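Residues per chain, in single letters:
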Amino acid sequence: MEAVDLNKKELEMLLEKLKGYEKPKIYFEQYETPTSIISYIVNKANLRNEIKDKIVFDLCCGTGRFAIALSFFNPKKIFAIDIDKDAIKIAKENAKNFNVKNIYFIVANLLELKLKIKADLAIIN
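Residues numbered from 1 in each chain as written. Predicted model: local features only at pLDDT ≥ 70, side-chain atom pairs only at ≥ 80, totals over all residues. Heavy atoms only, no water.

Caption draft 1: View of helix 1 (residues 8–15). For helix 1, the set of buried residues is Leu11, Glu12 and Leu15. For helix 1, the arc enclosing every buried residue in end-on projection is 100°, short of the 170-degree limit, so these residues lie on one face. Where helix 1 is buried, its residues touch helix 2 (35–47) and helix 3 (65–71). (Buried < 20%, exposed > 50% of the residue type's maximum accessible area, 1.4 Å probe, protein only. Helix = DSSP H or I, 4+ residues; strand = E, 2+ residues; numbered from the N terminus. Arc of directions from axis to C-beta. Contact = heavy atoms within 4.5 Å.)

Now the structure itself:
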């Protein structure tokens, strides 16, 4: 996906089109972060030059809403990690529907994950 010039409201409206959890798992404390909060956080990070050409981690990514929002601002790579394979499946579908190609989805427990890549920015919800 090519970078686009989105303001907070435009980003929020795009994020509303993403598919959410089909059956949230209480034991994983799954819930949808409101799109207004996602667009606010991602726009702030963009204005502070924390996304473009950077390596970004979306920890506990769920259905990929933060990762996809970040992708609009041209990061080098996004690593979206979640313990729930069903959530990652939805996240991959969302990314495909938005033609996002720079997100690498990983099913893993963060407490056991050993990444050799350093992030410039990490978001965790």
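And the narrative resumes.
Caption draft 2: Representation of the nonpolar core. Ranked by size, the top nonpolar core spans 28 residues in total, and within it Leu11, Val42, Ile68, Leu70 and Ile103 carry the most contacts. With 5 residues, the single largest contributor to this core is helix 3. Setting aside its immediate chain neighbours within four residues, Ile68 contacts Leu18, Ala91, Asn94, Ala95, Phe98, Val100 and Ile103. Core analysis: the second largest hydrophobic core is formed by 6 residues, Ile55, Phe57, Leu59 and Phe79 among them. (Core = buried A, V, L, I, M, F, W, Y, C linked by side-chain atoms within 4.5 Å.)

Caption draft 3: Layout of a nonpolar patch on the surface. Taken together, the side chains of Ile37, Tyr40 and Ile41 present a nonpolar region at the surface, about 270 Å² in accessible area. Within the fold, Ile37 resides in helix 2. The class for Ile37 is partly exposed, based on a relative accessible area of 40%. (Patch = residues over 30% accessible without salt bridge, like charges linked within 9 Å, V, L, I, M, F, W, Y side chains within 5 Å. Areas by Shrake-Rupley, 256 points an atom, 1.4 Å probe, with all protein chains shown as cover. Salt bridge = Lys/Arg side-chain N within 4 Å of Asp/Glu carboxyl O.)

Caption draft 4: Layout of unusual backbone geometry. One non-glycine residue, Cys60, lies in the positive phi region at around 60°. Within the fold, Cys60 resides in the loop between strand 1 (55–59) and helix 3. Backbone geometry at Asn99 places phi at a positive 60°, although glycine is not the residue there. Looking at the element boundaries, Asn99 is found in the loop between helix 4 (85–97) and strand 3 (103–107). Exposure remark for Asn99: the relative accessible area of 43% places this residue in the partly exposed category.

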